Amino acid sequence: MRLRDYQRRAVDQIGRCLADSESTLLVLATGLGKTVCFAHAIAEHCPPGKRAMVLAHREELITQNARTIEAVLGEPCDIERADQHADLQGSLNGKARVIVASKDSLHPKRLARFDPAEFGMIVTDESHHATATSYTRIYDYFANAKHLGVTATPRRHDGMALGQIYESDAMVYGIAEGIHDGWLVPILGYSPIITDLNLDIVKTVAGDLSQAETAEQLERERAVHEVCTTSIERCGDRRSLVFTVSVRQAEMLADRLNGYKPGCAKSVCGETPSDERAAIIAGHKRNDFQFLCNCGVLLEGYDDPGIRAIVMARPTKSLGLFTQMIGRGTRTVPGLVETIEDAAARRHAIKMSEKSNCLLLNFTANCAKHKLITPAD
């Protein structure tokens, strides 16, 4: 798997940082290939004769990471999650060289199955979560292993510093750089104001708007109507991903969108059965319907280059959350820019492609009390 120029620099810098410190952080915007980078980092910088463990917190991330690592290493990796247990099938002394694990499955009893002396590298995907106790107890168990964290959004809205976990920064390459260098599509942003939406009465909780109080505002009939009519008007025929603050809001938006444009919308949430959710997502990727409304399930690890519009039906004060949502729509058409060496030529190819930009509808309100994130941020 051929690395892009910035990916090659990132992998090399990871090696230099881990040679001088015990841990390092790689920051790459969504769509720029974090998984490819850490797979190559494992291949090149995990100490000889040692194993690596990749930690993730979502089902989709675990499957995606395993698939990419196997493609890069050319050998099977193992999975530790729920009723799946890493076993003795593999390539290193009878064991897989890489294990992709659900951090929630690694309770003390399951951790004890692994000999920490066998592991030379721990990788944390979506490492902005790394300060949580559910992660740090795992790091403590593998205390002698090098630790690489990868994320698109290093800023935490609760103010917890990732410097508590990582001793160095390997590289930071964000959305602006990715767009300028022709690896991501540009963003066409609008901020429609929902009339009668009063966010000044909403409290701040853990650095962001209270979800319950924001939901109460956005689930009002007038707000649902304005989000739907504006989205239908602005998005045209673009395949669109809609982010909401509550499950009820997602369901209300899908229902109302279908009322205005029959068959155009469905919704998913954390309580949607996994098989049903997979089928809905697959249908959206096939263009069976236009708007996929979701509450909190498609923020991380969701990869669909066909998304051409992001509808943010949830105002936020969190730049990290905002950036995660935007990143679902900034990937280019697959294969479009991989063989083009010049940044200007890549930007031109994107401009002339079927996905020349990502439309961002950021619904907001007249608000004096809170500093809401906007496309300009």
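Structure shown above.
Residue indices begin from 1 for each chain and proceed along its sequence in written order. Confidence filtering applies because this is a predicted model: local features only for residues at pLDDT of at least 70, side-chain atom pairs given and counted only at 80 or more, and all residues used for totals across whole chains, interfaces and linings. Side-chain figures throughout are based on the complete set of non-hydrogen atoms in the structure, without hydrogens or water.

Undergrad: What am I meant to see in the sheet that holds strand β11 (residues 240-243) here?
TA: Note: strands within a sheet are paired through backbone hydrogen bonds, in either parallel or antiparallel orientation. Pairs of strands are assigned from DSSP output, requiring at least two bridges between the strands. Helix and strand definitions follow DSSP, with helices as H or I runs of at least four residues and strands as E runs of at least two, each counted in order from the N terminus. Read from one edge to the other, the open sheet built from six strands follows the order β8-β15-β14-β11-β13-β12, with strand pairing classed as parallel. Of all strands in the sheet, those bounded by a partner on one side alone are β8 (187-190) and β12 (265-269). Sheet twist, expressed as the average angle between the axes of neighbouring strands with direction ignored, equals 20 degrees. Taken together, the four bridges between β11 and strand β13 (residues 291-295) define a ladder with parallel strand orientation. Looking across to β13, one finds that Leu-241 is bridged to Leu-292. Set on the sheet, helix α10 (residues 274-285) makes contact with β11, β12 and β13; between it and β12 the angle comes to about 140 degrees. The axes are straight lines fitted to the C-alpha atoms, using for helices just the contacting stretch, and the angles between their N-to-C directions are given from 0 to 180°. Contacts are assigned to residue pairs that have any heavy atoms within 4.5 Å of one another.

Undergrad: Help me understand helix α8 (residues 221-235) in this model?
TA: Two residues of an α-helix separated by three or four positions point the same way, owing to the 3.6 residues in each turn. The end-to-end C-alpha distance of α8, which contains 15 residues, comes to 21 Å, matching closely the 21 Å that a straight helix rising 1.5 Å per residue would cover. The buried label applies to any residue whose accessible area, calculated with a 1.4 Å probe on protein chains only, is under 20% of its type's maximum; exposed applies above 50%, and partly exposed to all values in between. Within the sequence span of α8, burial applies to Ala-223, Val-224, Glu-226, Val-227, Cys-228, Thr-230, Ser-231 and Cys-235. Looking at the packing, one finds that the buried side of α8 touches α7 (211-218), β11, α9 (247-260), β13, β14 (309-312) and β15 (358-362). Two residues or fewer past α8, Gly-236 is found with a positive phi of approximately 60 degrees. Multiply 1.5 Å by the residue count of a helix minus one, and that product is the helix's expected span.

Undergrad: I'm lost on the packing of α8 against α9 in this one. Help?
TA: Between two packed helices, what matters for the description is the angle formed by their axes and the separation of those axes. Taken N-terminus to C-terminus, the directions of α8 and α9 make an angle of 55 degrees; their axes are 9 Å apart at the nearest point. One way to sum up the angle between α8 and α9 is to call them oblique. For the crossing formed where α8 meets α9, the hand is right-handed. Contact residues: Glu-221, Val-224, His-225, Val-227, Cys-228, Thr-229 and Ile-232 in α8; Met-252, Leu-253, Arg-256, Leu-257 and Tyr-260 in α9. Just so you know how the angles are binned, under 35 degrees is roughly parallel, over 145 roughly antiparallel, 65 to 115 roughly perpendicular, and the rest oblique. Here a crossing is called left-handed whenever its near helix is offset anticlockwise from the far helix by less than a right angle, and right-handed whenever the offset is clockwise.

Undergrad: Is there a simple way to explain the pairing of β14 in this structure?
TA: For a regular strand, the rule is simple: side chains alternate between the two faces of the sheet. Every second residue of β14 is oriented toward a common face, with Ala-309 and Val-311 on one face and Ile-310 and Met-312 on the other, all of them buried. As defined by bridge partners, β11 adjoins β14 across four bridges and the pair is classed as parallel. What sits directly across from Val-242, in β14, is Val-311.

Undergrad: Would you mind going over the pattern of salt bridges with me for this structure?
TA: The salt bridge criterion pairs a side-chain nitrogen of Lys or Arg with a carboxyl oxygen of Asp or Glu, the two atoms within 4 Å. This model, assessed by the stated rule, comprises 21 salt bridges. Put simply, Arg-97 and Glu-75 hold a salt bridge, and the shortest N to O gap is 3.1 Å. Pair noted here: Arg-97 is in the loop between β3 (78-80) and β4 (98-102) and Glu-75 is in the loop between α3 (59-73) and β3, with a separation of 22 residues, a long-range link. The exposure class of Arg-97 is partly exposed, given its relative accessible area of 23%.

Undergrad: How do you make sense of the packing of aromatic side chains when you look at a structure like this?
TA: Both the distance between ring centres and the angle between the ring planes are used here to describe each pair of aromatic rings. The criterion for an aromatic pair is that two Phe, Tyr or Trp rings (for Trp, the six-membered ring) have centres within 6.5 Å, with stacked assigned to planes under 30 degrees apart, edge-to-face to planes over 60 apart and tilted to the rest. Applying the stated rule across the entire model yields six aromatic pairs. Aromatic side chains Tyr-6 and Tyr-173 sit 4.5 Å apart centroid to centroid with 15 degrees between the ring planes, which places their arrangement in the stacked category. Here the residue Tyr-6 occupies a position in helix α1 (residues 5-20), and Tyr-173 occupies one in strand β7 (residues 169-173), the gap between them amounting to 167 residues. Residue Tyr-6 shares its accessibility class with Tyr-173, and that shared class is buried. Taken together through their ring pairs, the aromatic side chains of Phe-114, Phe-119, Tyr-141 and Phe-142 make up a single cluster. In this structure, Arg-113 packs its charged tip against the face of Phe-114, placed 5.4 Å from the ring centre. Whether a charge lies above a ring is judged from NZ of Lys or CZ of Arg, which has to be within 6 Å of the ring centre and within 35 degrees of the ring normal. Over the face of the ring belonging to Tyr-190 we find Arg-234, whose NZ or CZ atom lies 4.2 Å from the ring centre.

Undergrad: In this structure, what is going on with the side chain of Lys-103? I would like to understand it.
TA: Tracing the chain through its elements places Lys-103 in the loop between β4 and α4 (108-111). Judged by its relative accessible area of 11%, Lys-103 is buried. Those residues in contact with Lys-103, other than ones at most four positions away along the chain, are Ala-56, His-57, Ser-134, Tyr-135, Arg-137 and Ile-138.

Undergrad: Explanation requested: unusual backbone geometry in the structure shown.
TA: Most of the time, phi is negative for any residue but glycine, and the peptide bond is trans. With a phi close to 55 degrees, Ala-206 is a non-glycine residue in the positive phi region. Structurally, Ala-206 is set in the loop between β9 (204-205) and β10 (208-209). Even without a glycine there, the phi angle at Asn-287 is positive, about 70 degrees. Topologically, Asn-287 is positioned in the loop between α10 and β13.

Undergrad: Honestly, the sheet that holds strand β6 (residues 146-151) in this entry has me stumped. Any pointers?
TA: With parallel pairing, the seven strands of this open sheet are ordered in space as β3-β4-β2-β5-β6-β1-β7. The open sheet has two edge strands, β3 and β7, and neither has a second partner. Neighbouring strand axes in the sheet, compared pairwise and without regard to direction, differ in orientation by 20 degrees on average. In this sheet, β6 lies alongside strand β5 (residues 119-125) in parallel orientation, the contact comprising five bridges. Directly across from Thr-124, in β6, lies its bridge partner Gly-149. In this fold α1 packs onto β1 (23-28), β5, β6 and β7, with an angle of close to 160 degrees to the strand it touches most, β7. Lying over the sheet, helix α2 (residues 34-45) contacts β1, β2 (51-56), β4, β5 and β6, oriented at roughly 175 degrees with respect to β5.

Undergrad: So what exactly am I meant to see when it comes to the nonpolar core here?
TA: Most often, soluble globular proteins keep nonpolar side chains buried together rather than apart. Buried residues of nine kinds, namely Ala, Val, Leu, Ile, Met, Phe, Trp, Tyr and Cys, make up a nonpolar core once their side-chain atoms join them within 4.5 Å. Judged by nonpolar contacts, the single largest core of 66 residues is most densely connected at Leu-26, Ile-42, Ile-69 and Leu-292. Those residues in contact with Ile-69, other than ones at most four positions away along the chain, are Phe-38, Ala-39, Val-54, Gly-74, Cys-77, Val-98 and Val-100. Grouped together as the second largest cluster of nonpolar side chains are 31 residues, Cys-228, Val-245, Ala-365 and Leu-372 included.

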